[in-house]
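Listed below, chain by chain, are the residues.
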Amino acid sequence: MVYKFRVILDAEEDIFRDIAILAEDTLEDLHNAIFNSFGFDGMEVASFYTCDETWNQEDEISMFDTGDVPGEQKVMSDYKLSDILDEQNTKIIYVYDFINMWTFLVELAAIEEQVVGNIYPETIFSHGEMPDEALEKNFEADDMHNDIYGEFEDDLDQDDLDMFEGDDSFEDYGFEENWN
C-alpha cells in the first residue's frame, strides 16, 4: 500500500508538499522524504510528535535514542508508517532543526495501491516557496508570566513583600553578601 501525505509548513503563506511513500517504510524514511522535498540538507536533528485530531502535540519520536537506558526508547527507524498511521489516526507533527523550529503538519490524505514502476518515496505535488526563516514562535516573557504566575499574584499581599525589604544581612545564611 502507498500512503499519500500532505505536509504543510507552519507559515503565513500556503507552503506544502504531497508525498507518496510505502506504508511499510519507516518514520525515518518519511523524515528523509520531507527534508528532501522542502530543500533542507538533512544535517539537523528532527522529531515527529503524535497528536490528536486538533493537532495537540503528544509523544515525541526522535531520530536518536535519548533515553537513560540504551535501546529502551524507540526511534523513527523503529516505526513503520502503518504501525502508527491509518484511516483513524491520520495526523502527526514533524519538527526539523530545533534551533529554527521548522514545524510541519503531516496528514495522511489517502491510502492507495502501489503503482508498478513508481519509485517511492516521491514528491507528487509541490506548492509554495520556502521562506528564508521559519515562522517566529511567540514566547513573550510577559505572556508567559501572566499565564504561569498570574494565579499566584493575588495570593501575595504587602506584608509578604515587606519581609524581604530592609534586611541586607546575609550572615544568617552562611555566606557573605558578595559570595559569588
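Scroll up a little and you will see the structure.
Residues numbered from 1 in each chain as written. Predicted model: local features only at pLDDT ≥ 70, side-chain atom pairs only at ≥ 80, totals over all residues. Heavy atoms only, no water.

Asks: Teacher, can you tell me more about a negative patch on the surface here?
Replies: Together, Asp-65, Asp-68, Glu-72 and Asp-78 make up a negatively charged patch on the protein surface. On the secondary structure map, Asp-68 appears in the loop between β4 (57–62) and α2 (81–84). (Patch = residues over 30% accessible without salt bridge, like charges linked within 9 Å, V, L, I, M, F, W, Y side chains within 5 Å. Areas by Shrake-Rupley, 256 points an atom, 1.4 Å probe, with all protein chains shown as cover. Salt bridge = Lys/Arg side-chain N within 4 Å of Asp/Glu carboxyl O. Lys, Arg positive; Asp, Glu negative; His and termini not counted. Charge placed at Lys NZ, Arg CZ, Asp CG, Glu CD. Helix = DSSP H or I, 4+ residues; strand = E, 2+ residues; numbered from the N terminus.)

Asks: What should I look at first to understand the side chain of Asp-18 in this one?
Replies: For Asp-18, the position within the fold is in strand β2 (residues 16–22). A relative accessible area of 14% places Asp-18 in the buried class. Reaching out from Asp-18, the side chain makes a polar contact with the side chain of Arg-6 at a distance of 2.7 Å. If we skip the residues at most four places from it in the chain, Asp-18 touches Phe-5, Arg-6, Glu-122, Thr-123, Ile-124 and Phe-125. (Buried < 20%, exposed > 50% of the residue type's maximum accessible area, 1.4 Å probe, protein only. Polar contact = N/O pair within 3.5 Å; in protein donor to acceptor, adjacent residues only side chain to side chain. Contact = heavy atoms within 4.5 Å.)

Asks: How should I be thinking about the sheet that holds strand β3 (residues 46–51) in this particular structure?
Replies: Working definition: the strands of a sheet are paired by backbone hydrogen bonds and lie parallel or antiparallel to each other. The antiparallel open sheet is built from seven strands, whose spatial order is β4-β3-β5-β6-β1-β2-β7. Of all strands in the sheet, those bounded by a partner on one side alone are β4 and β7 (122–127). If you compare each strand with its neighbour and ignore which way they point, the axes differ by 25 degrees on average. (Pairing = 2+ DSSP bridges. Axes fitted to C-alpha atoms, helices over the stretch in contact; angles between N-to-C directions.)

Asks: How should the environment of Tyr-120 be read in this particular structure?
Replies: With respect to the helices and strands, Tyr-120 occurs in the loop between β6 (102–112) and β7. Along the sequence, Tyr-120 and Asp-25 sit 95 residues apart, while their C-alpha atoms lie 9.3 Å from each other. Ignoring any residue separated from it by four or fewer positions in sequence, one finds Tyr-120 in contact with Val-2, Ala-20, Ile-21, Leu-22, Gln-114 and Val-115. Looking at Tyr-120, its side chain comes within polar contact range of the main-chain nitrogen of Val-115, at 3.1 Å.

Asks: Mind showing me how you'd approach the environment of Met-43 here?
Replies: Its location among the elements puts Met-43 in the loop between α1 (27–37) and β3. Met-43 gets classed as exposed once you look at its relative accessible area, which sits at 65%. Separated by 53 residues in sequence, Met-43 and Tyr-96 have C-alpha atoms that sit 9.7 Å apart.

Asks: I'm lost on the nonpolar core in this one. Help?
Replies: Side chains of a nonpolar character, in soluble globular proteins, are inclined to be buried together. Within the largest apolar cluster, 30 residues are counted, with the highest numbers of intra-cluster contacts made by Phe-5 and Phe-104. Where this core is concerned, the elements lending two or more residues are β1 (2–9), β2, α1, β3, β5 (91–96) and β6. Tallying contributions element by element places α1 first for this core, with five residues. Excluding residues that lie within four positions of it along the chain, Phe-104 makes contacts with Val-7, Ile-8, Leu-9, Phe-38, Phe-40, Ile-92, Ile-93, Tyr-94 and Tyr-96. (Core = buried A, V, L, I, M, F, W, Y, C linked by side-chain atoms within 4.5 Å.)

Asks: Just to check I follow, could you spell out the pattern of salt bridges for this structure?
Replies: Charged atoms that come close allow side chains of opposite charge to pair. On inspection of all chains with the given rule, the structure shows three salt bridges. Taking the shortest distance from any N to any O, the salt bridge between Lys-4 and Glu-112 comes out at 2.7 Å. Of the two residues, Lys-4 is situated in strand β1 and Glu-112 in strand β6; the sequence distance between them amounts to 108 residues. Residue class for Lys-4 comes out partly exposed when judged on its relative accessible area of 25%.

Asks: Explain the pairing of β5 to me, please; I cannot follow it from the model alone.
Replies: The side chains of a regular strand alternate, first on one face of the sheet and then on the other. Counting buried positions over the six residues of β5 gives six, a clear majority of the element. Of the two faces of β5, the one lined by Lys-91, Ile-93 and Val-95 and the one lined by Ile-92, Tyr-94 and Tyr-96 are each fully buried. Note that β3 and β5 share five bridges and pair antiparallel. The residue bridging Ser-47 from the neighbouring strand is Val-95, located in β5.

Asks: Can you help me understand the environment of Ala-23 in this one?
Replies: In this structure, Ala-23 sits in the loop between β2 and α1. Ala-23 sits in the buried class, given a relative accessible area of 4%. The contact partners of Ala-23, leaving out residues within four places of it in the chain, are Met-1, Val-2, Tyr-3, Lys-80, Leu-81 and Ser-82.

Asks: How should unusual backbone geometry be read in this particular structure?
Replies: Trans peptide bonds make up the majority, and among non-glycine residues the majority have a negative phi. That bond from Tyr-120 to Pro-121 is cis: its omega, -5 degrees, falls within 30 degrees of zero. Note that Pro-121 resides in the loop between β6 and β7. The phi dihedral of Trp-55 falls on the positive side, at around 70 degrees, and the residue is not glycine. Position of Trp-55 relative to the elements: it lies in the loop between β3 and β4. The phi angle at Asp-97 is positive, at roughly 70 degrees, despite the residue not being glycine. Here Asp-97 lies in the loop between β5 and β6.

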